[in-house]
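Tertiary structure, described
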Protein chains: 2
Amino acid sequence: MIDLFVLNPLSVRIFLMADKKKLDTSPYKGVRDFYPEDMYVLNYITSVMRKTAESFGYSEYGASPIEPAELYKAKSGEEIVSEQTYTFTDRGGREVTLRPEMTPTVARMVTAKKRELSFPLRWYSISNMFRYENPQKGRLREHYQLNMDIFGVSGLDAEAEIIETAWQMMKNFGAKDDDFQIRINSRLILDDIFSSIGIKDSEKTVLLKIIDKKDKISSDVFADSIKKIIGNRSNELLNLFEVNQRILDHLGTDNPNVKNLIGLIERLDSFGIKNIQYTPSLVRGFDYYTDIVFEIFDTSPENKRSLFGGGRYDDIFNLFGGDVIPAVGYGMGDVTIRDFLTEHGLMPEYKSNTDLFICQVSPVSTQEISFLASRLRASGINVAIDLSKRKIGDQIKNADKMMIPFIVCVGEEEIKNKIYKIKNLKSGKENALEEKEISNFIKTSGV
Amino acid sequence: MIDLFVLNPLSVRIFLMADKKKLDTSPYKGVRDFYPEDMYVLNYITSVMRKTAESFGYSEYGASPIEPAELYKAKSGEEIVSEQTYTFTDRGGREVTLRPEMTPTVARMVTAKKRELSFPLRWYSISNMFRYENPQKGRLREHYQLNMDIFGVSGLDAEAEIIETAWQMMKNFGAKDDDFQIRINSRLILDDIFSSIGIKDSEKTVLLKIIDKKDKISSDVFADSIKKIIGNRSNELLNLFEVNQRILDHLGTDNPNVKNLIGLIERLDSFGIKNIQYTPSLVRGFDYYTDIVFEIFDTSPENKRSLFGGGRYDDIFNLFGGDVIPAVGYGMGDVTIRDFLTEHGLMPEYKSNTDLFICQVSPVSTQEISFLASRLRASGINVAIDLSKRKIGDQIKNADKMMIPFIVCVGEEEIKNKIYKIKNLKSGKENALEEKEISNFIKTSGV
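Scoring rules and cut-offs
- Residues numbered from 1 in each chain as written.
- Chains lettered and ligands numbered in written order.
- Predicted model: local features only at pLDDT ≥ 70, side-chain atom pairs only at ≥ 80, totals over all residues.
- Heavy atoms only, no water.
- Buried < 20%, exposed > 50% of the residue type's maximum accessible area, 1.4 Å probe, protein only.
- Helix = DSSP H or I, 4+ residues; strand = E, 2+ residues; numbered from the N terminus.
- Arc of directions from axis to C-beta.
- Polar contact = N/O pair within 3.5 Å; in protein donor to acceptor, adjacent residues only side chain to side chain.
- Least-squares fit on C-alpha atoms with pLDDT ≥ 70 in both.
- Contact = heavy atoms within 4.5 Å.
- Buried area = accessible area lost by both parts, 1.4 Å probe.
- Salt bridge = Lys/Arg side-chain N within 4 Å of Asp/Glu carboxyl O.
- UniProt positions renumbered as here; feature names shortened; annotations may be inferred.
- Pairing = 2+ DSSP bridges.
- Axes fitted to C-alpha atoms, helices over the stretch in contact; angles between N-to-C directions.
- Phe/Tyr/Trp six-rings, centres within 6.5 Å; stacked < 30°, edge-to-face > 60°.
- Lys NZ or Arg CZ within 6 Å of the ring centre and 35° of its normal.
- Parallel < 35°, antiparallel > 145°, perpendicular 65-115°, else oblique.
- Nonpolar A, V, L, I, M, F, W, Y, C, P; charged D, E, K, R; others polar.

All names here are of chain B. Arg187, Ile189, Leu190, Ile193 and Phe194 are the residues of helix H5 (residues 187-196) that are buried. The arc that holds the buried residues of H5, viewed along the axis, is 160 degrees, so those residues lie on one side. Where H5 begins, one side-chain oxygen reaches toward the backbone nitrogen of Leu188, 3.2 Å away; that side chain belongs to Ser186. Just past H5, the residue Gly198 takes up positive phi, approximately 75 degrees.

Here it is in structure tokens:
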């Protein structure tokens, strides 16, 4: 409906459309329509995210999905953005991008008000992200994503808290500790290993790319790929990657990055978080993270995959020319979480938000029934009226189909006697109640 | 943060950006950043909308803002869309539009599942809309909009309910009856008037455009404009528009459209809705509405303007080649409502979602304090820890700046004695409590 734009030429054009050519009813490729049942699941997922985030003192922020394209431009000199983005030029000649992720936006917002904000700053948002790619399981062109970030804490207190929130999210979704694993690594430990065996900076990027794939390729392919890049230095590297502990032993417990990683794992362990796995091959993107990285991994045999992850990314504020602000965070998407909940039998059962459905028994007027409905709403319950004037049986079927828990049929007798039979559609049980008893009866029914 | 796309080339490019050229921290022109204080207001507005909609039995739905452009194409033959839309071609050659309003989307969704849905169908959504235009007061390039629609009811029961929900929305925002007016008209009454004085169909569109502007232009300009279109028939038309009642008298109370309008006004009056004004010049768009139209009008002298509106639009389903589905609805934008709340002193005061802030007194470890915080969260309150290791005075100032209502300073003594002084930052009052008393104390404090 148009609210702002009385007599807007747009509305004229839309509805003058000739009806010769019929419009398709499908949504755009790779995005979802949320019918009430789907919206119920999305609202469930976001409400668990919201509740958990706020329990740790995180405040919600938001921004428009339209951002200046330069926020995502490769290098300052280049004029292109990634082909996976929705980038276009607006009618005023501005190049814009539909945000593919939240981090550049939140860094922009924090920088803009750095002097007014209180640190440590704990922020979360639940926003939609857009990627142009071929839709497949777990990957759509639009998904909702929780972003949790803590700014201004340089020590491992930040990593410990952020990972605790991620663990608590999973618990609040009903996951058990053995349903998932928290994989942790330190990018700085990888750097130290590379230095110790003479890997050059120019070799690092492609090496990280191969290491990140370690669990997805055979050990032969892994070894061959490494050999191709660093020749005979590969023996030592492969030997180190054979057993996790070897890397830590190689650097020694005096190494500050090893100390930091072990300290973090011990801290989480002391919180009762036992499903932690040091994973030396975990990289999560190339140049994004500066130190600790982590990911939540689904351990079920049918769904073995990364659910979400994050890490420390202190350097992003350089983009805006400000000082470094220590930052740790993660993003958690609704599509992967929904898949996880489905695989593990944790999906909520759909429930209508409407408490009571009033069936209208002729000849009582809609007006009379509307009065009753208004009074019941004022007493705190959600009430819908059938309005169809169909047979009572059809009206009841309608309520049942909409999963509304209670119905009441209102005819002349009910209006006269002011006694209403409230029927629980699931159990079939009826209770004859006075009007003033109805709200409390429904609220305390546990349905 | 990237959750779905491990080793995605996008993330690489973003963070390789050379820091020579500093990025601007402003959002895109005409859209808003929502810092926590702004998000608080948006969440307040949407929660009132949501609560009111659900109290009438409306179910929430949603959809992606990216829609096929053809949904908004002028006529089937034409290849252009309105210049006020964001329309572009995706990388696969599909022409898409960022939705400027929700009605085409909801009509598409209802048509797609018409056979599975239960009618009367009551749906609402709270979604963002995009318009390319020059930002000004009350008009931005992106705004959030509540859409309320009832489908499948052809009589005035639908209009009565929809207008009752609009009135209830205003009441739930704290508005008094004399803060706003509900203006009502019937497009069919205008049609009957036009027929009765020999207005041709070809003259109708431009005539409606002038009538819609009646209250915004002088009566001389109004009369001249009308005369230019319909010559000497203008005398009768102008005479009718001089006094509202004349139009109804002219058609007579036997006219079915007059009957319908009067019936609707009487019905609303019987609900206790007294601030209704029959407004013959109300048009609200050209070809969108088929019968009753209405708008909520701000009556304050400083903000005299239409806040939002809607009406009956039965014919939209023709676009998809289906049967007509009776439909009545409206859209209510967050920007105009926010302005209304501000003008009328109805804005909510910002409150942090965090209940308790723990200040860390050296040498107690963060780990020790985190244990306490976790246990308090499990008891149902939202708890943040300072983590900055600054002086206590600075930590308290920080909590105050973030508007967190309660603080507790935790040092060795508190950990040993297990007694915590919970301080209300507003009143300055302190209460010494055991750990198990804290949650209940805060929950029942009324802060």
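The next subject is the relation of the copies chain A and chain B. Once turned by 180 degrees and shifted 0.0 Å along the axis, chain A lies on chain B with an RMSD of 0.0 Å. Here the transformation between the copies is reduced to the relation of a two-fold axis. Taking the C-alpha atom as reference, chain A places Phe88(A) closest to the rotation axis, 3.3 Å from it. Comparing contact sets, 100% of the residues at the interface of chain A also lie at the interface in chain B, consistent with an isologous, same-surface contact.

How big an interface is tends to be stated in terms of accessible area lost as the parts join. If you look at the interface, chain A gives 157 residues, while chain B gives 157 residues. Overall, the association of chain A and chain B removes approximately 13800 Å² of surface from exposure, summing both partners, and the carbon and sulfur fraction of that is 59%. A salt bridge links Asp33(A) to Arg108(B), with the shortest nitrogen-to-oxygen separation between them at 2.8 Å. Across the chain A-chain B interface, the total number found is 50 residue pairs in polar contact (both at pLDDT 80 or more).

Residues and elements named next belong to chain A. Position of Met102 relative to the elements: it lies in the loop between strand E6 (95-98) and helix H3 (103-112). On the accessibility criterion, Met102 (0% relative accessible area) is buried. Taking the C-alpha atoms as reference points, Met102 and Asn235, separated by 133 residues in sequence, lie 40 Å from one another.

Attention now goes to the UniProt feature "binding site: L-histidine" (unreviewed entry) in chain A. Residue and element names in this part refer to chain A. Following the UniProt record, one finds the feature "binding site: L-histidine" (unreviewed entry) at Glu101, Met102, Thr103, Arg131, Gln145, Asp149, Arg284, Tyr288 and Tyr289. Relative to the helices and strands, Glu101 is located in the loop between E6 and H3. For Arg284, the location among the structural elements is in the loop between strand E10 (276-278) and strand E11 (292-298). In this structure the side chain of Arg284 is engaged in a polar contact, spanning 2.8 Å, whose partner is the side chain of Glu295.

Residues and elements named next belong to chain A. Structurally, the position occupied by Lys418 is in the loop between helix H14 (412-417) and strand E17 (419-424). Through-space distance from the C-alpha of Lys418 to that of Gly285 is 67 Å; in sequence the pair is 133 residues apart. Not counting residues within four places of it along the chain, the set of residues in contact with Lys418 comprises Glu413, Leu433, Glu434 and Glu435.

Turning our attention to the sheet that holds strand E16 (residues 406-410) of chain B. Residue and element names in this part refer to chain B. Spatial ordering of the open sheet is given by E15-E14-E16-E17-E18, a layout of five strands whose pairing is mixed. Lying at the two open borders of the sheet, with one neighbouring strand each, are strand E15 (383-385) and strand E18 (430-434). The sheet shows a mean angle of 30 degrees between the axes of neighbouring strands, direction not considered. Two elements, strand E14 (residues 356-360) and E15, share three bridges in a ladder whose sense is parallel. Residue pairing in the sheet places Ile358 in a bridge with Ile385 of E15. Packing against the sheet, helix H13 (residues 392-401) makes contact with E14 and E16, and its axis sits at approximately 165 degrees to E14.

To continue, consider the packing of aromatic side chains. Applying the stated rule across the entire model yields 27 aromatic pairs over all chains. A centroid spacing of 6.2 Å and a plane angle of 70 degrees characterise the contact between Tyr44(A) and Phe173(A), whose relative ring orientation is edge-to-face. Of this pair, Tyr44(A) sits in helix H2 (residues 36-55) while Phe173(A) sits in the loop between helix H4 (156-172) and strand E9 (180-186), and the two are 129 residues apart along the sequence. By relative accessible area, which is 2% here, Phe173(A) ends up buried. Through a chain of ring-to-ring contacts, the aromatic side chains of Tyr28(A), Tyr86(A), Phe88(A), Tyr132(A), Tyr28(B), Tyr86(B), Phe88(B) and Tyr132(B) assemble into a single cluster. When the ring centre of Phe297(A) is taken as origin, the NZ or CZ atom of Arg183(A), which lies over that ring, is 3.5 Å away.

So, about the packing of helix H6 (residues 201-212) of chain B against helix H7 (residues 219-230) of chain B. Between two packed helices, both the angle of their axes relative to each other and the distance between the axes serve to describe the pair. Residue and element names in this part refer to chain B. Where H6 meets H7, the axes come as close as 10 Å, and the angle between the chain directions of the two elements is 180 degrees. The pairing of H6 with H7 is recorded here as roughly antiparallel in orientation. Each of Glu203, Val206, Leu207, Ile210 and Ile211 in H6 lies in contact with H7, whose residues at this interface are Phe222, Ser225, Ile226, Ile229 and Ile230. Among the residues making up the contact of H6 with H7, the classes are represented as eight nonpolar, one polar and one charged.

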